[in-house]
Structure formats: structure tokens, C-alpha cells
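For reference, the chains in residue letters:
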Amino acid sequence: MKLPLATIKSGGAASWAIRIAVAAAVFAVLLWVPTRGSDPTIGYCLDAFVLMGAAMSLNLLLGFTGQISIGHSAFYGIGAYTTAIFVTRWHWSPFQTMPMAFLIAFVVGVLVSLPALRIKGVYLALVTLALGLVFPQFIKWPKVEWLTGGAKGIDKAGFNFGRHNRTYSIFGWKPFGDMRANGALPFYFWIGVGIVVITYLVCRGVVKSRVGRSLIAIRDNETAAAVMGVNRAVTKGIVFGLSAGLCSLVGCLGTIRTNNVTPDSGYITVLGGITFLIVMVIGGAGSLWGPNIGAVLYIFISVQASNWSNDSSTMPFFLRPFLSWSKVPVGDGIFAILLIALMFVAPFGLVGLWRRLSAKAVAVVPRPFGTASVTTSSATPVAD
Amino acid sequence: MSLFRAAGLTAGYGPVTVLQGIDLEVNEGEIVVMLGANGAGKTTTMRAISGVIPRQGTIEFQGNSIAKSAPDQIVRAGIAQVPQGRGTFPELSVEDNLRAGAFVRRDSAGVAADIHKWFGVFPRLGERRDQRAGSLSGGEQQMVAIARALMSHPKLLLCDEPSLGLAPLITQELFEVIGNLNKEDGLSVLLVEQNANLAMHLASRVYLLETGTIVAQGSAEELSADDSIRKAYLGF
Amino acid sequence: MDLFLQRLFDGLSDGSVYALLALGIVIIYRGTGHLNFAQGEMALFCTYVVYQLGEWGIPLVPALLLGMLVGFALGVTTEVALVRPVAKKSTFAVFIVTIGLFQGLNWLDGAIWGDQVLPNSAVSKQQQFPSLFPNKATDFWNIFGAGVRIESVGIFAMVMVLTGLLFLLFNKTKVGLAMNSVASNPESARLVGIPTNRVLSFSWGLAAAIGALGGVVFAGQNHTVNMSMMFGVFIYASAAATLGGFDSPGGAVLGGLILGVIQNMVAGYADVWVGQQMKIGVAFVVIVGVLLVKPSGLFGTSKVERV
């Protein structure tokens, strides 16, 4: 086989054709799932959406500051609890709670991260880990139990469909499913899509903006930053706040979907923060699409792993000697091994691996100098 | 008698090859100087000989091949380096720096005696024996680096730009010390420098290194006699 | 006054555990520049091993020594097989590897021993996780009218002895000189003939062994071992290392003790405000506070750079 197999001009007809094809496929899936998909399938998609949003927010942080946060579960929790509290206490609509959650998470994020972002090193990771551990404890703190419901949590925290007890239909097609039914999953599905799209657009917008691009360029160069008059710590703090805010949105989604919230559930514990990190790394830290691919893969493996745990005869034969005797579900073990293995084989995750391999198979030829108005690459520089 | 010999020495960093296969020789009792501009490959040569970067080619010391030896084996064999920029252990005391230099030795009494001797050669170090090496001046740190390298009783001393960042007076002092060691103890030296003036007086032979290849070699007189080389490299 | 002394010694006892784990974190950090995220989980794994040895009837002291040996082996293996090959690529990758190890070891504990609290009368022979020192409710000494638990004093004394031994190691032995040299300037260390790789492996092994001791002591204090036991301890140890200075072993020990005392005092005197849940808030406040006031900690060298 002679490599490269094909040559594509960037911005040319072939690359547009590929993009349209991919977009059409995604669109088709998005339409099919809520209307024809089974409830569990919609559920898995919602799980994936939550992880997509969270991982994208982490990726934004990594790309701009070169640092990771292990405690984004706290911001997920802020989102989840904001929705729960405002819906049950003051009867806000869940949609109205989202900007509020964003704001609270943003402020908390900036405050918490600034002391650490001023200093080079592992401190942000430690501060966020501490934050991730503190948050569930804070929820259970007797002094705030009146607000948070303590260990019991808050119930009936999602949508109250009482007044909106009808179905929307367009030409006989019900995109939101039957909203009178208990748990209007298709409706939540679209909320999830909305959040993921918004998060993606925000990340992409920040990355590609003039300010964003110059920030990335000077990320590691102190002299350049000083010359440009950029206060690096404050800028990084704002980016952290943005990342925190975006993560809180999927927390809102979590509460909307399950209709309640408890301090030890979902992704509110620090283990959730580690999960977000795993998703980002698997998919590909440093690329806009990586976290989304990672989320899909994570859900897929999780579901498979829990099937195997329920019935070890379904486990592939080569895994059985390693995992079938486990007294706990094997998902966590698989991801840990995957994470470590990836650092050896594909440190930039699946997207990085794909790029490396496909670059050998297909060469993308840039437009001749002077004809391009905007660069079409979608790569965010990676942290080293 | 050939003490050290390299043939076809090739080394680099990752995909970049810096040394393109050079031939080098140091005989017993010689002070050999390698001159070259920034980026010529002088430090790469030093690192390759000491074994801290991957290298290819023939490298022999006292008749034995050290091309595949680990850095600690090379020190044990009798080659020590005074690295570029001093390379002291900044948090360690001056005395501990010297002890570290003697790491490959097992005779603690001999080590203590040597430390004492070096404080005699460099009294300023003796005054500062418990001070953190990082707080010393450039010249003092260079003394530490030289003494440290010599603690392992090497037969071949590699010096990487010892004059860098130092005032001429201090450099002269240091070169005097090296010269004395060569005359009295028979220490062989491979010295790399950017600055020809200071090093030429000591040299038995000179190599000129340019972008990874040796472009000229000979005795100090021979090279000084050649007008073009003299003007281009020796600056006079 | 008696309550104060009680809380002081309880604090020193808790703090001793933080000190042990902080020592492990700092030894690795100053030697290699990496933060070992899995420090707590390595300690936990060894603690489970000691539990298992106890189930097989082996007395505590030999079991503990075996556990520390397992820890040493675990640390060395990690450095050689997981960290060294990846460190060539990037520090970020090493960080991720230690996070993966964190999760992997934690899962492994559950996979082998299950996720319930042990010892458990349904599955275990032992009644409680053994402690090195007598720790029944009746084992206390009367000091100035305060009831100070013998266990607390014993643990504190043991950690002080260990700290002294480490001090000797670092300052009076060739091994210590090698470790300090590698920590100070790895390239020069190689140039003087120090086998840098072996020093790094030894650092990881030593750190893991000390951590194992910390885990066993902690389990002894609580009489039990379970999967989520070391999350909090790890963050306290990190706070201690931050407080003491990430490259100072002495600072780590002092930081751990101070943190333990502060935590117990605050929880004791301000128990209306702090209480059990928010004890971990103390660690959080300490980390942020240190970063704001003196990022290099009490004894760290100011290699700490500002952004």
C-alpha cells in the first residue's frame, strides 16, 4: 500500500463532502434516538451528554492553563443543587436555574483557583481535589442542612409538568415524546443536546477567538505575556471560572433527569471528578472533539462492564482470568488500566491516535498561500 | 600513548544529529583543546563521552571500549567532567558537593584527606565549606565543580567551557590550577572553549569543531601559523 | 486544660499518620519532581495485605514488616515500569499515570477484598484491625489530669523515631547523599557516577514503604480498613506537604503534626461550626492559606515559581 492513500485539499470539495456526511449522520442519530430509541438507550445518551459537557469543560481548562482539575465534581454538584434548591424552594423553572448555577459555579471557581493558579506546579490539582472532597461534606454539614437537605437530599427537584401536561407534535412526529408520561426522557434528551452544543460552541469560540488564540500562544511564555500586558493568573482564573460554570450546567441536567439529588450520588463525589478526567484523557486532551468521543466510549465500556459483572459468562474470554473473580464491578479497573495504557500508547487519547494514523493514510493539503481567510484546523494546542 | 580515542563519534538529541562522526584523540599527559562556536557541538561531545546521551561510534579509553558503558561505569573507569555552567548541586553544601564527587570511591579516609587537600588549593572553598553551593559566586562554583570532578581521581578530565561567565582573572587562576595538575600529576585534559585566547596557552593540540565536524586540527603553533584559521577562529 | 492536652495528643496522633504519608509524597517529589497521586492507595493496598496476613494468623509486627516490604516492591515496580518510560514523554503523562494507579489500586482492593468494612464478623477471623499499641478504652495514661491514650503517645513517639532515622539517612549516609544529589541536579548526579535510576526507584520504594506504615497505623486507630479510607488522609498529607514545603521531609513531618493538632483543636473547640463533616474543610483552608501567604511552605526552598 502506498501511503498516503489519498490527498485532500483543505477547504476543497472533498473535505466539505466529508464534513457534510458526518454532520448528516450525527443529525440522523439525534433525530432517531429520542423518537425511536428505547428508554435505556436515551438514558445512555443522557449519561454521555453529561460526560461530554464535563469533559469539554475540563479540556478548556487544560488547553488554556496547562493544568487539570480533579474536583470538577464540586461544580457538577453546584449545578445539581442549584437546580434542586431553586426549583423546590422558589419554584423557578429548571431553565432559569441554569444561568444561576453557571454564575455561582463561576464565582466559586475563580475564588478557589486563583491562589493556586498564581503558582506553577501541582497546586491546582491539590486544591481541586480538596474541593471535590469538601463539597459532599459541605452538603451534609448540619449548618446548611436546612437548605441542602443534608444526606437525604432533595426530592422532586426537576421539572414539574403539572401545568405543561401535553405533548408537542410536528406533523405527527413527537420530538419530545409523551410528556405526560413519568419522566419525559426525550424532552430531557433535547435539553442535553442543547447543553452539549452550547458548551461546544463556547469552547470553540473561546479557543478560536483572537483573545483565545493569543492566550494559547503565550500560555507558557512569561515574557510574552508580560509584554502583552496580560495578567496571567487572573486570566487563568477566569478560564477556570468559565470551565466551572460549564460543568455546572450538566449538573443541572443531572437533577432534571433524575428529579432528585443526594450528596453521594451521580458525579457529586470526588470519584466523579476523576471520571471526568478519565473521559477527557481517553478521548483526547487538547482537541475539541476528544472529550465527546471519550464520553461515548466511556458509557459504552461502562455498560459492557456492568453486564459482565452481572453475568461473568458474557465477559470476553481473554479478560476472564483477570477480572471475573472481582468482588466489585470491573468498570473502574478497566478504566484505570486503559488510562495507564493510553499514556504509553496514545497520550493524546483516541483522537490523537486517530490523527497520527490518519495523517499517514490521508494527506490534507493546505490551501495555497493567500487564498485562505480563516484556518480550518480544529486542533487545540496540547499541554505538555 | 593514547589514553582516549573516539572515531566516528555520532550523537544528537532525538531526531536531530549534532555530531556527524568526529575523530578525536587525547594522549597521556596532554591538554587537548576543542574550539568551536555556539552550537558547534562541544557540549554534545562532552555529554557523549560521559555517556549521558545516546551515541554511536568507537569510543575507547585506556584501550577498552566505553561506547556502551553507563555513566557511572565511565566515571569509575577514570573520566570525570566539569560540566558547562558549573553544574554544582546548589542545595548541598560545598563539602557535600565534593563528597558527591567521590561517590564511586570506597575509601572514606582518603576522601576526607582529599577534601582537606582541595580546601588547601582553593582556600575560599574551605572558608565556605558548609555554605550552600548555590549561594557561591560563579568563580567559586567553578572551583567547586573542578574539585568535585577531581575527587574521583580521574585520569582524563573533561572541561566544558570553564571560563563561561567568569572574569578573566578568575579564569586565569583556574587554568593555572589545571595546568599544574597536568604538569605535576600527569592529569590529561580535554577542554572545550569558545574563547580561544585563554585556552591556547595550555594546549598541546587543538581541534576546531564546526557544526558537528572537525574542520582543522594540529598543535597550537600550527593553527596559530595558519592565517585564515587564525583570523576566523582565534580572533587574532 | 485536660481537654486541651487530650486534644493535643489526639492531634499529634492523627498528625503522625498525615506526617508519614506526607513524607512519602515529599520524598518522591523532591527526588523526581512528580506528585504521586497514588500515595494513599499504595498505602491502603499494603494495609489490606497486612489485614490478610493477620487473617492467616501472622502476628502484627512481622505482618507490618512484610507489608512495608510489599510497599517497597510496589513503589520500585511503579517507578521502573510505569513512571520511567512515561516520564520521558511528559510530566502530565506521569500525573495521569498516577491518577490511573490511584483508581486501579483502589479498584483492586475492592476486587480482592470486597467493598465492605473489614474486619467483618461474617468473613473475618480477626475482631478488629490490630494496632501496634494498646488501644482499648482503658489504655490511657493520666497526664496532668488528662486522659491521654497510650496509642496516641506510642504512634507519635514511633514517628519521631522514624523521622530521626530518616534524618540520619539523608544527612549521614552515602545513599542519602545520592538521593539529595539527584534531587538537586540529576544531570550532575549522573556525571559524578551516581546511578540515578536506582536512586529514583529507591525513593519510590522508600516512600511507599513509609506510606504502608502510615496506612497500618491509621487502620489500627480506626480498628477497621475499607476502600475509601485513604482519600481524606491523602489530601491531609498533601496539605501537610504544602504547609511544610514540598521539598522538605522535615517540613512534611512538622506540617502533618501541625495539621493534625489544628484539625483536632478546631473540631473540638468549634465543634458547633466545624464538626465531623467539615474536618476536611480544615485541610482545604490550610492549602489555600499557604498558597496565598507563603507558597513554598514553612521549610521549602523557594524554587517555587510564580506564574
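Residues numbered from 1 in each chain as written. Chains lettered and ligands numbered in written order. Predicted model: local features only at pLDDT ≥ 70, side-chain atom pairs only at ≥ 80, totals over all residues.

*Asks:* Please explain the overall build of chain C as it appears in this structure.
*Replies:* Within chain C one finds eleven helices and two strands. Each helix (α) and strand (β) of chain C, taken in turn from the N terminus, gives the series α-α-α-α-β-β-α-α-α-α-α-α-α. For 307 residues, the compact-globule formula gives about 19 Å, and the C-alpha radius of gyration of chain C, at 19 Å, lands near that figure. Considering only C-alpha atoms, chain C reaches an extent of 60 × 45 × 35 Å along its principal axes. Taking all 307 residues of chain C together, the buried fraction comes to 61%. Look at the contacts in chain C between residues 6 or more apart in sequence, and 73% of them connect residues 24 or more apart. (Helix = DSSP H or I, 4+ residues; strand = E, 2+ residues; numbered from the N terminus. Rg over C-alpha atoms; globule rule 2.2 N^0.38 Å. Buried ≥ 20, exposed ≤ 12 C-beta atoms within 10 Å, placed from the backbone. Contact = placed C-beta atoms within 7 Å.)

*Asks:* Just to check I follow, could you spell out the overall build of chain B for this structure?
*Replies:* Summing up its helical and strand segments, chain B has ten helices and ten strands in all. Taken against the 2.2 N^0.38 rule, which gives 18 Å for 236 residues, the C-alpha radius of gyration of chain B at 17 Å falls within 12% of a compact globule. Summarising its shape, the C-alpha atoms of chain B cover approximately 50 × 40 × 35 Å along the three principal directions. Out of the 236 residues in chain B, the part that is buried amounts to 46%. Long-range pairs, those at least 24 residues apart, make up 66% of the contacts in chain B with a sequence separation of at least 6.

*Asks:* Which parts of the structure should I look at to understand the environment of L342 of chain A?
*Replies:* Residues and elements named next belong to chain A. Locating L342 in the fold gives a position in helix α14 (residues 331-345). For L342, a count of 23 C-beta atoms within 10 Å corresponds to the buried category. The sequence separation of L342 and T199 amounts to 143 residues, and the corresponding C-alpha distance is 26 Å. When residues no more than four places from it in sequence are discounted, the contact partners of L342 are V281, I282, P347 and G349.

*Asks:* Explanation requested: the sheet that holds strand β9 (residues 205-210) of chain B in the structure shown.
*Replies:* Backbone-to-backbone hydrogen bonds join strands into a sheet, with any given pair of strands oriented parallel or antiparallel. All names here are of chain B. The strand order across the open sheet built from six strands is β6-β7-β8-β3-β9-β10, with neighbouring strands paired in mixed fashion. Edge positions in the sheet fall to β6 (79-82) and β10 (213-219), since each of these pairs with one other strand and no more. In this sheet, adjacent strand axes meet at a mean angle of 15° when their direction is disregarded. Inspection of the sheet shows β6 paired to strand β7 (residues 156-160) by four bridges, in the parallel sense. Residue pairing in the sheet places I79 in a bridge with L156 of β7. Strands β3 (31-36), β6, β7, β8 (188-193) and β9 of the sheet are contacted by helix α1 (residues 42-50), whose axis makes an angle of about 150° with β7. Relative to the sheet, helix α6 (residues 138-150) contacts β6 and β7, its axis offset from that of β6 by approximately 175°. (Pairing = 2+ DSSP bridges. Axes fitted to C-alpha atoms, helices over the stretch in contact; angles between N-to-C directions.)

*Asks:* Help me out: how do you make sense of the sheet that holds strand β2 (residues 16-27) of chain B in this one?
*Replies:* Residues and elements named next belong to chain B. Spatially, four strands are ordered β2-β1-β4-β5 in an open sheet, and the strand pairing comes out antiparallel. Strands at the two margins of the open sheet, each flanked by one partner only, are β2 and β5 (64-65). The pairing of strand β1 (residues 2-13) with strand β4 (residues 55-61) spans six bridges and is antiparallel. If you follow T10 over to β4, its bridge partner there is Q56.

*Asks:* In this structure, what is going on with the pairing of β10 of chain B? I would like to understand it.
*Replies:* Side-chain positions along a regular strand alternate between the two faces of the sheet. Here six bridges tie β9 of chain B to β10 of chain B, and the two strands are oriented antiparallel to one another. Following the sheet pairing, E210 of chain B is matched in β10 of chain B by T213 of chain B.

*Asks:* Is there a simple way to think about the nonpolar core in this case?
*Replies:* What tends to happen in soluble globular proteins is that the nonpolar side chains get buried as a cluster. By size, the foremost hydrophobic cluster in this structure holds 283 residues, and its most contacted members are L51 and A130 of chain A together with A22, A240, A283 and I287 of chain C. Here the element with the most residues in this core is helix α2 (residues 39-65) of chain A; it accounts for 16 residues. (Core = buried A, V, L, I, M, F, W, Y, C linked by C-beta atoms within 7 Å.)

*Asks:* How do you make sense of the confidence of the model for chain C when you look at a structure like this?
*Replies:* For residues with low pLDDT, the predicted coordinates do not support detailed interpretation. Summing up the model confidence of chain C, the mean pLDDT is 88 and the portion of residues at 70 or higher is 96%. In the predicted assembly, ipTM is 0.90 and pTM is 0.86. (pLDDT = per-residue confidence, 0-100.)

*Asks:* When you look at the interface of chain C and chain A in this model, what are you seeing that I'm missing?
*Replies:* Many authors give the size of an interface as the accessible area that is lost as the parts come together. Counting residues at the interface gives 42 residues for chain C and 41 residues for chain A. With 13 residues, helix α4 (residues 91-113) of chain C is the single largest residue contributor to the side of chain C that touches chain A.

*Asks:* What should I look at first to understand the packing of α2 of chain A against helix α7 (residues 185-208) of chain A in this one?
*Replies:* Helix-helix packing is characterised by the crossing angle of the two axes and by the distance between the axes. Residue and element names in this part refer to chain A. Orientation of α2 relative to α7, taken along the N-to-C sense of each, is 20°, at an axis distance of 9 Å. Looking at the two axes, α2 sits roughly parallel to α7. Note that α2 runs across α7; the crossing there is left-handed. The class makeup of the residues in the contact of α2 with α7 is 18 nonpolar, six polar and one charged. (Parallel < 35°, antiparallel > 145°, perpendicular 65-115°, else oblique. Left-handed = near helix turned anticlockwise from the far one by under 90°. Nonpolar A, V, L, I, M, F, W, Y, C, P; charged D, E, K, R; others polar.)

*Asks:* Mind showing me how you'd approach the confidence of the model for chain B here?
*Replies:* When pLDDT is averaged along chain B, the result is 88; 96% of the residues meet or exceed 70. For chain B, helix α10 (residues 227-234) of chain B is the element with the lowest average pLDDT, namely 66, and β6 of chain B is the one with the highest, namely 95.

*Asks:* Looking at this structure, how should I read the interface of chain B and chain C?
*Replies:* Facing 21 residues of chain B, the contacting portion of chain C comprises 15 residues. Mapped by element, the contributors of at least two residues to the side of chain B that touches chain C are α2 (71-77) and α3 (94-101) of chain B. Of the residues in the side of chain B that touches chain C, the class split is ten nonpolar, five polar and six charged.

*Asks:* Explanation requested: helix α3 (residues 73-90) of chain A in the structure shown.
*Replies:* One full turn of an α-helix is made of 3.6 residues, so residues set three or four places apart face in the same direction. Residues and elements named next belong to chain A. Across its 18 residues, α3 extends 25 Å between first and last C-alpha, which sits within 8% of the 26 Å expected from 1.5 Å per residue. Here α3 lies mainly inside the structure; 14 of its 18 residues are buried. Directly after α3, the chain includes H91, whose backbone phi takes a positive value near 55°. (Expected span 1.5 Å × (residues − 1).)

*Asks:* Sorry if this is basic, but what is going on with the pairing of β2 of chain B here?
*Replies:* Residue and element names in this part refer to chain B. Sheet topology note: the β1/β2 ladder contains nine bridges and is antiparallel. The residue bridging L9 from the neighbouring strand is I22, located in β2. Hairpin connection of β1 to β2: two residues between the antiparallel strands, including G14 at a positive phi of 60°.

*Asks:* What's the story with the packing of α2 of chain A against helix α10 (residues 232-258) of chain A in this structure? I'm lost.
*Replies:* Residues and elements named next belong to chain A. It is the contact of α2 with α10, at a shortest axis distance of 9 Å, that shows an interaxial angle of 175°. Comparing their axes, α10 and α2 come out roughly antiparallel. Within the contact between the two elements, α2 uses L46, F49, V50, G53, A54, M56, S57, L58, L60, L61, F64 and T65 and α10 uses K236, V239, F240, L242, S243, L246, C247, L249, V250, L253, G254 and R257. For the contact of α2 with α10, the residue count by class is 17 nonpolar, five polar and two charged.

*Asks:* What am I meant to see in the environment of G8 of chain B here?
*Replies:* Considering the arrangement of structural elements, one finds G8 of chain B in strand β1. Each residue touching G8 of chain B, except ones within four places of it in the same chain, is listed here: G21, D23, G57 and T58 of chain B.

*Asks:* Explain the environment of G12 of chain B here, please?
*Replies:* All names here are of chain B. Examined against the element boundaries, G12 turns out to sit in strand β1. A count of 18 C-beta atoms within 10 Å places G12 in the partly exposed class. For the pair formed by G12 and I53, sequence separation is 41 residues and the distance between their alpha carbons is 7.7 Å. Among residues more than four places away in sequence, those in contact with G12 are T17, V18 and L19.

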